[in-house]
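Fold and geometry: a report
Here are the chains, one letter per residue:
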Amino acid sequence: PEYAANTNPELVEAVVKSCLEAGAKEVKIFDNTCNNAQRCYINSGIQDKAEAAGAKVYHVQEDRFKSIKLTKGEILKEWPVYQDYFEVNKVINLPIAKHHGLATVTLGLKNLMGVMGGNRGELHSPFRKLIDVVADILPTLTIIDAYRMLVDHGPRGGDLADVKLTKTLIASPCTVAADVTALELFGHQIKDIPHIADAIDRGLAKVDLKNLKPLKLKLG
């Protein structure tokens, strides 16, 4: 987390506690990691913090990925998604705000690859494929961890010189709005990020982005 390569485990811990305090019977956490899952879960610090807070943290199983029909797919018509994603009442998406060599940035939309199976590398070319899938699996809430941002050499990072301390969290029931708001922290505009622009063009935003007025709160 100090390299802003993954969501801060303290944020995950706080969200778990908030869910349980709000009445959730169970909180489940999982991710289809790029590298070895056991190492990622431990090295990220997320497993220890989340389990201590009362969450069930578990690795994905290949037989739990099932192809779903993509109702808004322009290139892809179906894609495997983890079934546990559909077996809960609410879904909270917790991406870290970071640079990405191919996508330019990883934010809420891109982070949803964590519940996708199949050859995910194929979704990068072109990124319209990513939005084909995302359109059918938008979460209940997206909270972007921009407390520490990785501004170069992402998505893995590894150099503290690439980390920018902004002490910011962005939360919205609209993933597209959250991503658009986060772009300002990178100095990007919508036109710079094709997959976000594509999501907007396809009507995935739940709010009027032209008149977006985020409520800003200062904590502590």
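Residues numbered from 1 in each chain as written. Predicted model: local features only at pLDDT ≥ 70, side-chain atom pairs only at ≥ 80, totals over all residues. Heavy atoms only, no water.

1. With respect to the packing of helix α6 (residues 175–186) against helix α7 (residues 194–201)
Between α6 and α7, the shortest axis-to-axis distance is 11 Å and the interhelical angle comes to 140°. Classed by the angle they form, the pair α6 and α7 counts as oblique. When you trace α6 past α7, the crossing you get is left-handed. On α7, the residues that touch Val176, Asp179, Val180 and Leu183 of α6 are Ile196, Ala199 and Ile200. When grouped by side-chain class, the residues that make up the contact of α6 with α7 number six nonpolar, no polar and one charged. (Axes fitted to C-alpha atoms, helices over the stretch in contact; angles between N-to-C directions. Helix = DSSP H or I, 4+ residues; strand = E, 2+ residues; numbered from the N terminus. Parallel < 35°, antiparallel > 145°, perpendicular 65-115°, else oblique. Left-handed = near helix turned anticlockwise from the far one by under 90°. Contact = heavy atoms within 4.5 Å. Nonpolar A, V, L, I, M, F, W, Y, C, P; charged D, E, K, R; others polar.)

2. Topic: the pairing of strand β8 (residues 141–150)
Across the ten residues of β8, seven count as buried, placing the element largely inside the fold. Where strand β5 (residues 92–93) lies against β8, two bridges are found, and the strand directions are parallel. Considered in β8, the bridge of isoleucine 92 is made with leucine 141. As defined by bridge partners, strand β6 (residues 96–100) adjoins β8 across two bridges and the pair is classed as parallel. (Buried < 20%, exposed > 50% of the residue type's maximum accessible area, 1.4 Å probe, protein only. Pairing = 2+ DSSP bridges.)

3. Observations concerning the state of the cysteines
Here the structure, examined in full by the defined rule, presents zero disulfides. Lacking any disulfide linkage, cysteine 40 is separated from the closest cysteine sulfur, that of cysteine 34, by 7.6 Å. Cysteine 174 carries a free sulfur, and the closest cysteine sulfur to it, the one in cysteine 19, is 19 Å from it. (Disulfide = S-S within 2.5 Å.)

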